Structures are given as structure tokens and as C-alpha cells.
Amino acid sequence: MTLSAPASWPTLAACAGSSALPVPPEMLYASGSGLDPDISLEAALAQVPAVARARGMSPADEAALAATVTAMAASSRSLLGTGLVNVVELNAELEAGNMAAAGRQERH
């Protein structure tokens, strides 16, 4: 059986800011429950440019967001040893306007 890339791949890659950016598989498929709050560092970083654009963030704030995402993943490891980002926590920080401060705090 031959599998082809879903038609949604180019859209996801373009939304992430680069058509050359590899799209993590978890961004293409939902979990069984659809309620998992954690995503991989790769999936979170792939979404940083789109989140920054949607929120009208400056380049400095976008860099702080990427640093925060990376710090969150470093402090949270899955059973397989990969870093995870809790999207609920990240969204709460974004809504509270604490992204730049959170990024600085996590990088001691």
C-alpha cells in the first residue's frame, strides 16, 4: 500500500510560516480523545510564527514565545524522553500577557 501526503500538508506548512518546514505528524492527526493538552516541542515551534502573526506580536515577542515554548518542553519530559509543551498553560500565559516575562523566568 502506498500512502500519499494528505492535501492538508501544504496548508499547515504555509500557516506555520514556511513551506519548507517539516510538519510534525501529530499536527495532522488527532488523538483518540482529542483532549490531550500536551504537544511536542517540534509541533509547538512549528506554530510559533502563526501564533505571533495572529496576535500581532513583535519579532522580540515572537522570539520570547519560542524561548518560552523551548523552556516548557525542557522542563516537561514524556515517557519517551521527549519534551512536551502544555498548550493550556501556554495559552493562559499568552492571554495574561506574560509571555516575555515567562520566557525570561524559565531561562535562568
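Residues numbered from 1 in each chain as written. Predicted model: local features only at pLDDT ≥ 70, side-chain atom pairs only at ≥ 80, totals over all residues. Heavy atoms only, no water.

A. Structural view of the overall build of the protein chain. In terms of helices and strands, the protein chain carries five helices and two strands. Tracing the protein chain from N to C terminus, the helices and strands come up as α-β-α-α-β-α-α. Taken as a whole, the protein chain presents about 7000 Å² of accessible surface, with 59% of it coming from carbon and sulfur. (Helix = DSSP H or I, 4+ residues; strand = E, 2+ residues; numbered from the N terminus. Areas by Shrake-Rupley, 256 points an atom, 1.4 Å probe, with all protein chains shown as cover.)

B. Seen up close, the nonpolar core. Counting residues in hydrophobic clusters, the biggest one holds 14 residues, and the most contacted among them are L65, V69, V85 and L90. Where this core is concerned, the elements lending two or more residues are α2 (41–54), α3 (59–74) and α4 (87–96). No other element matches the five residues that α2 contributes to this core. Each residue touching V85, except ones within four places of it in the same chain, is listed here: P37, D38, I39, L41, A44, V69, M72, A73 and L90. (Core = buried A, V, L, I, M, F, W, Y, C linked by side-chain atoms within 4.5 Å. Buried < 20%, exposed > 50% of the residue type's maximum accessible area, 1.4 Å probe, protein only. Contact = heavy atoms within 4.5 Å.)

C. Here's a closer look at the side chain of N86. Mapping N86 onto the fold places it in strand β2 (residues 84–86). Judged by its relative accessible area of 18%, N86 is buried. Among the polar contacts made by the side chain of N86, one reaches the main-chain amide nitrogen of E89 at a distance of 2.9 Å. When sequence neighbours within four positions are dropped, the list of residues in contact with N86 reads P37, D38 and M72. (Polar contact = N/O pair within 3.5 Å; in protein donor to acceptor, adjacent residues only side chain to side chain.)

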